[in-house]
Amino acid sequence: MEQILTDMPQVIWDGLFVGSFYALIALGYSMVYGIIKLLNFAHGDIYMVGAFIGYALLTALGGSFQMMGLFSLIVVMMISMLLTGTIGVVVEKLAYRPLRGAPRLAVLITAVGASFSLEYGVAAIAGSKPRGFPVRLDGETLFMLGARVTVPQIILMLIAGVLMFALDRYIRGTSTGRAMRSISLDMKGSLLMGVNVNSVISRTFFIGSALAGAAGVMAGAYYGNISFLMGFIIGLKAFTAAVIGGIGNIRGAMLGGLVLGLVEAFGSEIVGGQWRDAFAFAVLILFLTLRPTGILGERVTERV
Amino acid sequence: MNFGKRTLGVLGVATAVLLATSACSGGLLGGGDSGDSDSGPIKIGMIVPTSGSSAPTGASMSNGAQMAVDEINAAGGILDGRMLELQIADGACDAQQAVASANKLVSSGVSISVGGYCSGATLPTLPIFDKAGVPMIIPAANSQDLVNEKLKSVFLINGTGLQQSAAALDFVKKQGYKAVALVDDNTSYSKDITTETEKQIKADGASTVVLNTSVNPGESDYSSVVRDINGSGADLVYWTGYYQEGGLIIDQLRKAGYTGDIMVADGSADPTLAEIAGAAAEGVYATMTPTPNTIDGAEGWIADYKKAFGDDPKPYSTQSYDAVRLAAAAFEAAGNTNTDDVIKALEGIKDFKAFSGPLSFTKDHTLASGGFVILVMKDADFQLFDNLQ
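Residues numbered from 1 in each chain as written. Chains lettered and ligands numbered in written order. Predicted model: local features only at pLDDT ≥ 70, side-chain atom pairs only at ≥ 80, totals over all residues.

1. Some details on the overall build of chain A
And step 1. Each helix and strand in chain A was counted, giving 12 helices and four strands.
And step 2. For 304 residues, the compact-globule formula gives about 19 Å, and the C-alpha radius of gyration of chain A, at 19 Å, lands near that figure.
And step 3. Burial analysis of chain A (304 residues in total) assigns 50% to the buried set.
And step 4. Residue pairs at least 24 apart in sequence account for 78% of intrachain contacts in chain A once pairs closer than 6 positions are excluded. (Helix = DSSP H or I, 4+ residues; strand = E, 2+ residues; numbered from the N terminus. Rg over C-alpha atoms; globule rule 2.2 N^0.38 Å. Buried ≥ 20, exposed ≤ 12 C-beta atoms within 10 Å, placed from the backbone. Contact = placed C-beta atoms within 7 Å.)

See below:
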């Protein structure tokens, strides 16, 4: 018990850090679900593809990136975001658009198929061997309120925060954002009001996938290891985070990510690290049974 | 909706029919001898991971086996000129995939199996091969669970978890560690070593086990186990899982300010560990069976291997090479490929010249001498540190 108390600041910090990754990926899940009611299970693999694109770019740059450090990493991250965003749009066009209006189970199975295609596509191109990331974020260790905090952690959380803030502004403050919100309320109605539904859906996939791609590059640079199956577990966790926050709700996804990170950190501190996943998914089941709309979920009755 | 229900029904019937047919074919195949003729090539089956995160090791194992097959065939084959034919099947370190591959190999009529890397995936294949009368020489997988199956047809030529734990304890005593933290990845191979090591350290009494915990493989963030280790006051961490998680844990341990020593078991004793952990991997110890670059007099063999496959031999290349040679020797001694004769021949093997030293089997069909050594990571590669002699 004493151990748990002295560890507390560290547990909270570790939870928030992992949670910010979950949040970034959960956003894509939540946005897509909010608009076309699709659980895009290929989303975790977009994160993996982002990490591999970052790996390829940094390897191609060779030694020159070392001199520019963080700046080059951010540039690489942006290029990866563009590419993963495009891949997200392509996946939507090829796999989901032809099935619009099909039973939701069919689309769900297609999503699982898209996920496998991405995983084994990358394995076929890059090999199934896990790879070390060419750039490693190293930095000072600071002690804050009894927790050990590293500079790279702060930088990555800042980047995640900026991306999420920008997205929030975009959804609430631009006409595309308004179009997204209106489609999620009533797709047919929006179509009749002159909203270009297909282009807005494409844009949603682009943004969601770009955020996952950013998370992939960040995870590669921080943890230093990438493999073609790295998106699987974290995809499920992000889905859990989206459900906790209220799937379809953008701010809920961010909150859900952080909450899940904290829940996992506390759970594994109290009952042991090997129970971490069990804890995360038990929370998912709890939410699905007790409060399926999540913490910030909108009332479902709006849809008639 | 109606349509959906009907499809489900049809699916159900289809599954039932499939199950029935596969049960039949199982019945036809099971129980009999391997059933090959007395001429033509002798098929050797090998299940190794060719996909998934352990695929690189799978490739180095199949290369080692292929090299032995090529050498034996070039020398005119065995049993009056019969050639050997190696059939690789993917085990993917996954029990279901391995079982499917074992069935595939059995139905293609292999006379012996020389595969098996991940213990968790190897274990369920044992009864399949055993029922079909296929003896197994397992080059890498070494969980005590494999021994506990007590199958007459199973032979392990890698040191077992028990022998590895004994080596770990030797090293702990030699270096004078006082507080040991044991971490496994919840797989049968890995848990086996931590359980056995804890038992032996407790029985020995010179040091204490301050932590024995598990992590989930396949994740990126291991901050909770890192906190536990730092809170336990350990001066040695012994990680018994595979290198992918091992690399991450080592990196995160060092980042979190852990200053004690780190040791890994043979599943992590691979140069890839350094690729993942970066500078943090320097000075990491490993309990390992001898590898090509830690064996004296293996230079010529390494050069041949490089010429054939354009890559350095990796851990278990030698064991796989030896497994095939051992199989050939057993066929020669038996004079045929009949299951019982081959098993008897393997039991009778004495001081067979293998990379790990003279090889004979105990009555449990494990190595009579374990041959574990301690390696240390230096300049991103494992080198011999202490041969524990």
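2. Thoughts on the overall build of chain B
And step 1. Helix and strand content of chain B: 14 helices and 14 strands.
And step 2. A buried classification covers 51% of the 389 residues belonging to chain B.

3. Some words on the sheet that holds strand E10 (residues 285–288) of chain B
Residues and elements named next belong to chain B.
And step 1. Spatially, seven strands are ordered E7-E6-E8-E9-E10-E13-E14 in an open sheet, and the strand pairing comes out mixed. Since the sheet does not close on itself, it has two edges, and those belong to strand E7 (208–214) and strand E14 (381–386), each with one partner. Strand-to-strand twist of the sheet, defined as the mean angle between neighbouring strand axes without regard to direction, takes the value 25 degrees.
And step 2. Pairing of strand E6 (residues 179–184) with E7, which is carried by six bridges, proceeds in the parallel orientation. Looking at E7, one finds that alanine 181 is bridged to leucine 211.
And step 3. In this fold helix H7 (residues 161–175) packs onto E6, strand E8 (236–239), E10, strand E13 (373–378) and E14, with an angle of close to 145 degrees to the strand it touches most, E10. (Pairing = 2+ DSSP bridges. Axes fitted to C-alpha atoms, helices over the stretch in contact; angles between N-to-C directions.)

4. A look at the nonpolar core
The nonpolar side chains of a soluble globular protein tend to be buried, and buried together.
And step 1. Grouped together as the largest cluster of nonpolar side chains are 140 residues, with contacts concentrated most on Ala23 and Leu27 of chain A.
And step 2. Counting residues per element, this core draws most heavily on helix H1 (residues 2–36) of chain A, which supplies 16 residues.
And step 3. If we ignore the near neighbours within four places in the chain, the residues touching alanine 23 of chain A are Ala160, Met164, Ala241, Ala253, Met254, Gly257 and Leu258 of chain A.
And step 4. Counting 58 residues, the second-largest nonpolar core is a separate cluster that includes Met67, Leu84, Ile88 and Ile157 of chain B. (Core = buried A, V, L, I, M, F, W, Y, C linked by C-beta atoms within 7 Å.)

5. Observations concerning the packing of helix H10 (residues 230–245) of chain A against helix H11 (residues 250–271) of chain A
Residues and elements named next belong to chain A.
And step 1. At a minimum axis separation of 7 Å, H10 and H11 run at an interaxial angle of 115 degrees. H10 and H11 meet at a crossing whose hand is right-handed. Together, Lys237, Thr240, Ala241, Ala242, Ile244 and Gly245 of H10 and Gly252, Ala253, Met254, Leu255, Gly256, Gly257, Val259 and Leu260 of H11 make up the contact between the two elements.
And step 2. A per-class count over the contact of H10 with H11 returns eight nonpolar, five polar and one charged. (Left-handed = near helix turned anticlockwise from the far one by under 90°. Nonpolar A, V, L, I, M, F, W, Y, C, P; charged D, E, K, R; others polar.)

6. Considering the confidence of the model for chain B
In low-pLDDT segments, the atomic positions of the prediction should not be examined closely.
Residue and element names in this part refer to chain B.
And step 1. With 89% of its residues at a pLDDT of 70 or more, chain B has an overall mean of 83.
And step 2. With pLDDT under 50 throughout, residues 1–36 is counted as low confidence; its partners more than four residues away or in other chains account for 23 contacts.
And step 3. Taken over the whole predicted complex, pTM reads 0.74, whereas the ipTM for its chain interfaces reads 0.78. (pLDDT = per-residue confidence, 0-100.)

7. Comments concerning the confidence of the model for chain A
And step 1. Counting all residues, the mean pLDDT for chain A is 87, and 94% of those residues have values of 70 or more.
And step 2. Note that residues 300–304 of chain A has pLDDT below 50 and, in this model, one contact with residues that lie over four places away or in other chains.

8. So, the environment of glycine 246 of chain A
All names here are of chain A.
And step 1. With respect to the element layout, glycine 246 can be found in the loop between H10 and H11.
And step 2. The buried category is assigned to glycine 246, around which 24 C-beta atoms lie within 10 Å.
And step 3. Residues glycine 246 and leucine 296, 50 residues apart in the sequence, show an inter-C-alpha distance of 5.2 Å.

9. Observations concerning the pairing of strand E2 (residues 141–144) of chain A
All names here are of chain A.
And step 1. Direction of pairing for E2 relative to strand E3 (residues 147–150): antiparallel, over a ladder of four bridges. Pairing of leucine 142 across the sheet is with valine 149, part of E3.
And step 2. The loop that links E2 with its antiparallel partner E3 comprises two residues; one of these, leucine 145, has a positive phi angle of about 50 degrees.

10. Looking at H10 of chain A
And step 1. The terminal C-alpha atoms of H10 of chain A, which comprises 16 residues, lie 23 Å apart, in line with the 22 Å expected from a rise of 1.5 Å per residue.
And step 2. At the exit of H10 of chain A stands glycine 246 of chain A, carrying a positive phi of roughly 110 degrees. (Expected span 1.5 Å × (residues − 1).)

11. A closer look at the interface of chain A and chain B
Reports often express the size of an interface as the amount of accessible area lost when the parts come together.
And step 1. Listed per partner, the contact involves 30 residues of chain A and 31 residues of chain B.
And step 2. Contributions of two or more residues to the side of chain A that touches chain B are made by H1, E3, helix H9 (197–223), H10, H11 and helix H12 (276–290) of chain A.
And step 3. Broken down by element, the residue count for the side of chain A that touches chain B peaks at five residues, all from H1 of chain A.
And step 4. Along the lines of polarity and charge, the residues of the side of chain A that touches chain B split into nine nonpolar, 13 polar and eight charged.

12. Some details on the packing of helix H6 (residues 151–173) of chain A against H11 of chain A
Residue and element names in this part refer to chain A.
And step 1. Axis separation between H6 and H11 bottoms out at 10 Å; the angle between their running directions is 160 degrees. If you check the angle between H6 and H11, you find them roughly antiparallel. Of the two elements, H6 crosses H11, and the hand of that crossing is left-handed. Across the interface between the two elements, Met164, Leu167, Asp168 and Ile171 from H6 touch Ile250, Arg251 and Met254 from H11.
And step 2. Per-class residue counts for the contact of H6 with H11 are five nonpolar, no polar and two charged. (Parallel < 35°, antiparallel > 145°, perpendicular 65-115°, else oblique.)

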